[in-house]
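Below, each chain spelled out in residue letters.
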Amino acid sequence: MFISPRAYITFSEAIIDSLFDIGVWNATGLHLDSPREPFQHGGPPVSICSKPCQPGFKVVDGDIPVCWSCVKCVDNYISNVSNAASCTACPLGYKAILGNTMCEEIPPTYLHIGHPAAIILIIISIMGIVLTLSTVVVFVKFRETPLVKASSKELCMVLLLGIGTGFILPFLCIGLPSNEVCMMQLVLGNLFGVLTIVPIFLKTARVYALFFQSQRSAGRPPKYLLPMWQSMLCLILVFVEVIIIMFIIIWYPLRQKQKYPNKDTVLVVCEGSTSYDSVVALSVPAGYVMFFMILSTVLSYQVRKLPSNFQEAKFICLAQIIAFIVIIAFVPSYFVTGGVWQKFCIGIASQICSASFLVLIFYKKVEIIVFYPERNKIVFEKDKLSKLDMSRKERRKSFLASQNCHMCGHSLTGNTTKVGLMQAANIFAGSLNTEKAERTLSVTHDTTASVTSQQNY
C-alpha cells in the first residue's frame, strides 16, 4: 500500500521491489494488520525514501524530489553539517581530515635540524669552520715568515674570511625561514662570493702582470701590484658589492612567502613582492660576483703553465674551475628543486666552493709552515746560480747598468733586491740562459720572498 503519494514502504533485509499490504493510515496513525512474511525478516519497516546525509557527504537529488543520494565530498572539500547541499573547499595551505568533515593546516615543508640532509650540512660546516680558524691562527702566528709574506697575507685574510662565511651560510638554510633569515641569506650569500672571488682575482691578476708584463719592460712593478694597493683595491671592490646589497635590501627586499606546488605541500621560500623583484634581488649582486669570477678563471687559466716552482697558479686555476662547475650545476638545481632539497643545494654548493679554496690554496702552505719550517726561508741555491754563463760580478754590473738605463738613477736600497722576477723564476728552475739574464725587474722584498718561498712551495 502507499503511505503517502510519493513515499514507499521499504523493509530491512527485504526485496525492495516487493510491495505488500500491511495496514492502513488514518488520522489516528498507522494501523498494521497481523504480521506477515516481510516482518519476519527485518522488524518494523522504515517509512523513508533516503537516510539523512552525514557530515562529509552532500545531498544529490534523485528522480523523485523527496528521494536523494549521499555523495562523499571529493579530496580537500568538506561538509560539517548533515544533509549539506554542497561541499566547501579547504583554503590554500589546508587539507581535509576526519572523513572530509574539517580542514587542518598543512605543516610547511622545510629543512629542519633533524633531517639527514641538515645533519650532513652541520657536520661539514663545523669541520670547515674549525679548519678555517686553524689556518687563520697559523697565518697570524707565522705572519713574518717568507711564505706568509709571499702569499699576499692581506688578501689571504680576506679570502679566509670569505671561506668562513661560506661554511656559515648552510646554517641559515636550516630551519623555518623568517623575513630576517631571508635577508641574512641574501647578505651572507653574496658576501661569500665577493670575499672569495675578489682576492683570488687580484692574486691571479698580480701573478699575471708580474710574469707576463715584466717580459716587455724592466723596472719597478706598478704600484697597484704592491700589497698595500692590492689590499685597498680589494676593499673598494668589496665595498661596491656591499652598496649593491644595501640597495637590494632597501628597494627589493626578500620576504618569507608560502608556495603551494600541490594540494598536500606548503613550501616556505624567500622571494620578493613580485617576480621582477626576485629576479633583481638574485641576479644583480650575483652578476657582479660572476663578472670577477669569469675574469679570474680566464687569468688563472693563462698562468697555469708558469714554472713548476710557482705551483699556486695551478691550484688557483683548479679551484676556480671547481667553483665555476659548481655554480653552473647549482643554478638549474636551485630552480628545479624545491623545499628541503633546494636549501640543501644552497648549503652544499657553498661548502664545496669553500672547501676547494681552503684545500687547494692553503693546504700546502700550512703544511710547509707547520711541518717543514726549514723550507720556509729565503735560500739562494748557488749550484743553480752557477749555471749562468756570467759570473756574479758580471751579472751585477749588467744589472746596475740596466737599472741606470730603465729606472733613471734609482739606487739599490736595503729593502729592494735587484733581481728580476722572471729572471729569478728561471734561475730557480735552472733554465735561465745568458741572454735572459740581461733582462731584469726591480721588485720589493716581499716579491722576492714570493719567488723564493714559492720555489720551496
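Residues numbered from 1 in each chain as written. Predicted model: local features only at pLDDT ≥ 70, side-chain atom pairs only at ≥ 80, totals over all residues. Heavy atoms only, no water.

J.: Give a description of the state of the cysteines that names residues and reports values.
T.: Tallied over the entire structure, the rule returns 4 disulfides. At a sulfur-sulfur separation of 2.0 Å, the disulfide partner of Cys-53 is Cys-70. Residues Cys-53 and Cys-70 are joined by a disulfide whose S-S torsion is about -95°; by sign, that bridge is left-handed. Here Cys-53, found in the loop between strand 2 (29-32) and strand 3 (57-61), pairs with Cys-70, found in strand 4 (residues 68-72); they are 17 residues apart in sequence, far enough to count as distant. Judged by its relative accessible area of 0%, Cys-53 is buried. (Disulfide = S-S within 2.5 Å. Helix = DSSP H or I, 4+ residues; strand = E, 2+ residues; numbered from the N terminus. Buried < 20%, exposed > 50% of the residue type's maximum accessible area, 1.4 Å probe, protein only.)

J.: I'd like a description of the environment of Val-158, backed by residues and values.
T.: Take Val-158: it is sitting in helix 3 (residues 153-172). Separated by 38 residues in sequence, Val-158 and Thr-196 place their C-alpha atoms 7.4 Å apart. Excluding residues that lie within four positions of it along the chain, Val-158 makes contacts with Leu-195, Pro-199 and Cys-234. (Contact = heavy atoms within 4.5 Å.)

J.: Lay out a nonpolar patch on the surface with the relevant residues and their values.
T.: Together, Ile-126, Val-130, Ile-168 and Phe-171 make up an exposed nonpolar region whose accessible area comes to about 340 Å². If you list the elements that add at least two residues to the nonpolar patch, you get helix 1 (116-141) and helix 3. Taking relative accessible area as the criterion, Val-130 reaches 47% and is therefore assigned partly exposed. (Patch = residues over 30% accessible without salt bridge, like charges linked within 9 Å, V, L, I, M, F, W, Y side chains within 5 Å. Areas by Shrake-Rupley, 256 points an atom, 1.4 Å probe, with all protein chains shown as cover. Salt bridge = Lys/Arg side-chain N within 4 Å of Asp/Glu carboxyl O.)

J.: Go over helix 7 (residues 312-336) with me, naming the residues and quoting the values.
T.: In a regular helix each residue adds 1.5 Å, so 25 residues correspond to 36 Å; helix 7 covers 36 Å between its end C-alpha atoms and thus fits that length. At Phe-330, helix 7 shows its largest bend, some 25°, and a proline, Pro-332, comes one to four positions later. Those residues of helix 7 lying buried are Glu-312, Ala-313, Ile-316, Cys-317, Ala-319, Gln-320, Ala-323, Val-326 and Tyr-334. (Expected span 1.5 Å × (residues − 1). Bend = angle between axes of the 7 residues up to and from the residue.)

J.: Can you explain the packing of aromatic side chains? Please cite residues and give values.
T.: Any aromatic ring pair is given by two values, namely how distant the centres are and how the planes are angled relative to each other. Counted by the stated rule, this structure contains 7 aromatic pairs. Measuring from centroid to centroid gives 5.3 Å for Phe-291 and Phe-292, while their planes differ by 75°, and the two rings are edge-to-face. Look at Phe-291 and you get partly exposed, because its relative accessible area is 48%. Every member of this aromatic cluster is reached through a ring pair, and the members are Phe-201, Tyr-288, Phe-291 and Phe-292. Lying over the aromatic face of Phe-57, Lys-72 brings its terminal NZ or CZ to 5.4 Å of the ring centre. The ring of Tyr-372 is capped by Arg-375, whose NZ or CZ atom sits 5.6 Å from the centre of that ring. (Phe/Tyr/Trp six-rings, centres within 6.5 Å; stacked < 30°, edge-to-face > 60°. Lys NZ or Arg CZ within 6 Å of the ring centre and 35° of its normal.)

J.: How would you sum up the nonpolar core? Please name residues and give values.
T.: Judged by nonpolar contacts, the single largest core of 54 residues is most densely connected at Ile-163, Val-194, Phe-357 and Phe-362. When residues of this core are traced back to their parent elements, those giving at least two are helix 1, helix 2 (146-150), helix 3, helix 4 (179-212), helix 5 (227-251), helix 6 (275-302), helix 7 and helix 8 (340-371). Top contributing element to this core by residue count: helix 4, with 13 residues. Excluding residues that lie within four positions of it along the chain, Ile-163 makes contacts with Thr-132, Thr-196, Ser-354, Phe-357, Leu-358 and Phe-362. In this structure, Leu-111, Ala-117, Ala-118 and Val-340 belong to the second largest nonpolar core, which totals 8 residues. (Core = buried A, V, L, I, M, F, W, Y, C linked by side-chain atoms within 4.5 Å.)

J.: Could you give me a rundown of unusual backbone geometry, with the residues and numbers involved?
T.: With a phi close to 65°, Asn-76 is a non-glycine residue in the positive phi region. Along the chain, the position of Asn-76 falls in the loop between strand 4 and strand 5 (77-78). Judged by its relative accessible area of 17%, Asn-76 falls in the buried class. In this structure, Asn-100 takes a positive phi of about 60° despite not being glycine. Its location among the elements puts Asn-100 in the loop between strand 7 (94-97) and strand 8 (102-105).

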